[in-house]
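Structural overview
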Amino acid sequence: MAKYYRSLIGKKQSDDVLTSVRMVGGISVSKSFLGIPYTGEYPLTTISDAEKIVSEISGINRKSKISVTFAGFGEGLSSIGKVASGFKLSSKVGNKSEIQNLANRWKENNISSYIDYDIVRFSKGSSGFGTVRSAAKNVVGIRAYQYEISPFVGSYSDGKISYLLKRDLLDDAVSKLIKSNAYSGIGLPTLGYMAYSDYSNTETYARSGIEKQVSDLLETVTKNKISVKTDSANAYAAADSDLVTQIPLWSDGYNAFDCDIPFYSIVFKGVTAMSGTDLNTSPTPAADVLKCLETGVALQYSLISEYSSECTEHNEYKFSEMLYSDNKELIKETIGKSAEFLNAVANSKIQSNDILADGVSRTIFENGCYIVVNYNKTSVSTDYGTVEAEQFIWGRQG
């Protein structure tokens, strides 16, 4: 079945990364002074901070290709404000020339990079997009909105709401983003995973045409020689992305299923570069590493350079788990144990994925490599050898 779905994508070939790092720029917090409201911006990672951190991570294994995403670096940092953050970077974390120069240096060292922009959700008008005339309509004809959820930690943002951009205006937003962007990589996280309706136009009722529209928009970006990244992308968006981060590693775990089949990564391995979910904020990092290795997808981390007390005061508790200084050993350990295998299966499609026993899976790649993963808390014997508890073995056939 996976081969059939893959055949629908065409002859696209991935350029796999082995490590994916999301650098989080900062948070934007609503505050007041003597009853006068204002917005406080608190940088957590500057561009120079990101350069130092990525330099250390790349030094763990020089052969491993790395991808870096700048998230929450736009105007307003992590808050949902103007469409695509007003097509600007926040002066709190750096400037365009600084980030472009860094991207050029990284490219020479096999490090790709992207700047994330949200062109779907917005709460402020700017650049020709107004919160009334530019908002999509829901089924009863009023502005479609969502309660804001932090893109990094999943918590609601104190009852704030954001609107969804009219589907007819997505093309305009992408065009303006391309014109204003001198960077070589653009991240469009929400465009990749959000499939939404817009009842201001009969052609966009009930999510109609969203697959082709998003595919066309991503193709527009790549035709301008700009790489494109999405997060947790729907299949139609994943097929047209250069990199998909935060892919689903596990099912919801309902009792109807006896085991997890990593179907998403089986289909797209060797077609689109992928990374798993953040290991450093996961409650089960060891199991998540094994799940990434089972299908040869990159390890993923979200990191900050400095921690602000404002994070705690505004329910952004998971930011404390992103502090790079606290995660150095985890990153070194996980990259160290996985780099050789991930390099071996880079850009190779999956030939088969089988369950050998309860909690034991085997994947064979088209280039002849195989991996046997043991998720159990006790060792198991297989035809390939003994696999220790919560470990893996790999090799080449023939």
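Below is a summary of the structure that appears in this document.

Turning to the overall build of the protein, a few remarks are in order. Scanning the protein from terminus to terminus reveals 11 helices and 19 strands. Here the C-alpha radius of gyration of the protein, 21 Å, is about what a compact globule of 398 residues would show, namely 21 Å. Considered along the principal axes of its C-alpha atoms, the protein spans approximately 70 × 45 × 45 Å. Burial analysis of the protein (398 residues in total) assigns 53% to the buried set. Look at the contacts in the protein between residues 6 or more apart in sequence, and 67% of them connect residues 24 or more apart. Only carbon and sulfur atoms are counted for the fraction: they give 49% of the accessible area of the protein, which is about 18,000 Å².

Moving on, we get to the environment of Asn 138. Within the secondary structure, Asn 138 sits in the loop between β6 (121–122) and β7 (145–149). In sequence terms Asn 138 and Tyr 264 are 126 residues apart; their C-alpha atoms lie 31 Å from each other.

Turning our eyes to something else, we now look at the packing of helix α2 (residues 47–58) against helix α3 (residues 96–108). A pair of packed helices can be characterised by two numbers: the angle between their axes and the separation between those axes. The N-to-C vectors of α2 and α3 enclose an angle of 15 degrees; their axes lie 10 Å apart at closest approach. Here α3 runs roughly parallel to α2, going by the angle between their axes. The handedness of the crossing between α2 and α3 comes out as right-handed. Between α2 and α3, the contacting residues are Ile 47, Ser 48, Ala 50, Glu 51 and Val 54 on the first element and Glu 98, Ile 99, Leu 102, Arg 105 and Trp 106 on the second. For the contact of α2 with α3, the residue count by class is 6 nonpolar, 1 polar and 3 charged.

Quick look at unusual backbone geometry now. Unlike most non-glycine residues, Arg 207 shows phi in positive territory, near 65 degrees. Inspection of the secondary structure assignment puts Arg 207 in the loop between α5 (189–193) and α6 (210–223). Here Arg 207 falls in the partly exposed class, since its relative accessible area comes to 49%. Of note, the phi angle at Gln 246 is positive, near 60 degrees, even though the residue is not glycine. Among the structural elements, Gln 246 can be located in the loop between β11 (243–245) and α8 (263–268).

A few words now on the pairing of strand β14 (residues 350–357). As a general feature of sheets, a regular strand has side chains that alternate between the two faces. Bridging between β14 and strand β15 (residues 360–365) involves 6 bridges; their strand directions are antiparallel. Each bridged residue has a counterpart across the sheet, and for Ser 352 the counterpart in β15 is Ile 364. Connecting β14 to the next strand, β15, in antiparallel fashion are 2 residues, including Gly 359 with a positive phi near 80 degrees.

With that settled, the discussion passes to the side chain of Arg 121. By secondary structure assignment, the location of Arg 121 is in strand β6. Exposure remark for Arg 121: the relative accessible area of 9% places this residue in the buried category. Among the polar contacts listed, one links the side chain of Arg 121 to the side chain of Asp 118, at a separation of 2.8 Å. Setting aside its immediate chain neighbours within four residues, Arg 121 contacts Ile 80, Gln 146, Ile 149, Ser 162, Tyr 163, Leu 164, Thr 190, Tyr 193 and Met 194.

Here 4 strands make up an open sheet; going across it, the order is β14-β15-β16-β19 and the pairing antiparallel. Both outer strands of the open sheet, β14 and β19 (391–396), are each paired with one neighbouring strand and no more. Put simply, the sheet's adjacent strands are angled 15 degrees from each other on average, direction ignored. Seen against the sheet, helix α9 (residues 285–295) touches β14, β15, β16 (369–374) and β19 and runs at an angle of roughly 155 degrees to β16. Packing against the sheet, helix α11 (residues 324–344) makes contact with β15, β16 and β19, and its axis sits at approximately 35 degrees to β19.

Inspection of the secondary structure puts Cys 311 in helix α10 (residues 309–313). Between the C-alpha atom of Cys 311 and that of Leu 44, which follows or precedes it by 267 residues, the distance is 9.8 Å.

Taken together, the side chains of Met 1, Tyr 5, Leu 8, Ile 261, Phe 263 and Ile 355 define a hydrophobic patch exposed on the protein surface, amounting to about 640 Å² of accessible area. Counting through the fold element by element, Leu 8 comes out in helix α1 (residues 2–9). Note on Leu 8: relative accessible area 57%, which makes it exposed.

If you walk around this closed barrel you meet the 8 strands as β1-β4-β5-β9-β10-β11-β12-β13, and the pairing is parallel. Within the sheet, the average angular offset between the axes of one strand and its neighbour, ignoring direction, is 25 degrees. The pairing of strand β1 (residues 19–24) with strand β13 (residues 298–303) spans 5 bridges and is classified as parallel. Bridging across to β13, Met 23 finds its partner in Leu 303.

Residues that lie three or four places apart on an α-helix share one face, since the helix turns once every 3.6 residues. A large share of α9 lies buried, amounting to 8 of its 11 residues. Buried residues of α9: Asp 288, Val 289, Leu 290, Lys 291, Cys 292, Leu 293, Glu 294 and Thr 295, and no others. Positive backbone phi, approximately 75 degrees, marks Gly 296, located one or two places after α9.

Next up on the list: the packing of aromatic side chains. What the rule picks out here adds up to 11 aromatic pairs. Arranged with centres 5.8 Å apart and planes meeting at 15 degrees, the rings of Phe 70 and Trp 106 form a pair that is stacked. Of the two residues, Phe 70 is situated in strand β4 (residues 66–71) and Trp 106 in helix α3; the sequence distance between them amounts to 36 residues. Residue Phe 70 is classed as buried on the basis of its relative accessible area, which comes to 0%. Ring pairing ties together the aromatic residues Phe 341, Phe 365, Phe 392 and Trp 394, which thus form one cluster. One Lys or Arg, Lys 176, reaches over the ring of Phe 129 and ends 4.6 Å from the middle of that ring. Over the aromatic face of Trp 250 sits the side chain of Lys 291, whose NZ or CZ is 4.9 Å from the ring centroid.

About the cut-offs
Residues numbered from 1 in each chain as written. Predicted model: local features only at pLDDT ≥ 70, side-chain atom pairs only at ≥ 80, totals over all residues. Heavy atoms only, no water. Helix = DSSP H or I, 4+ residues; strand = E, 2+ residues; numbered from the N terminus. Rg over C-alpha atoms; globule rule 2.2 N^0.38 Å. Buried < 20%, exposed > 50% of the residue type's maximum accessible area, 1.4 Å probe, protein only. Contact = heavy atoms within 4.5 Å. Areas by Shrake-Rupley, 256 points an atom, 1.4 Å probe, with all protein chains shown as cover. Axes fitted to C-alpha atoms, helices over the stretch in contact; angles between N-to-C directions. Parallel < 35°, antiparallel > 145°, perpendicular 65-115°, else oblique. Left-handed = near helix turned anticlockwise from the far one by under 90°. Nonpolar A, V, L, I, M, F, W, Y, C, P; charged D, E, K, R; others polar. Pairing = 2+ DSSP bridges. Polar contact = N/O pair within 3.5 Å; in protein donor to acceptor, adjacent residues only side chain to side chain. Patch = residues over 30% accessible without salt bridge, like charges linked within 9 Å, V, L, I, M, F, W, Y side chains within 5 Å. Salt bridge = Lys/Arg side-chain N within 4 Å of Asp/Glu carboxyl O. Phe/Tyr/Trp six-rings, centres within 6.5 Å; stacked < 30°, edge-to-face > 60°. Lys NZ or Arg CZ within 6 Å of the ring centre and 35° of its normal.

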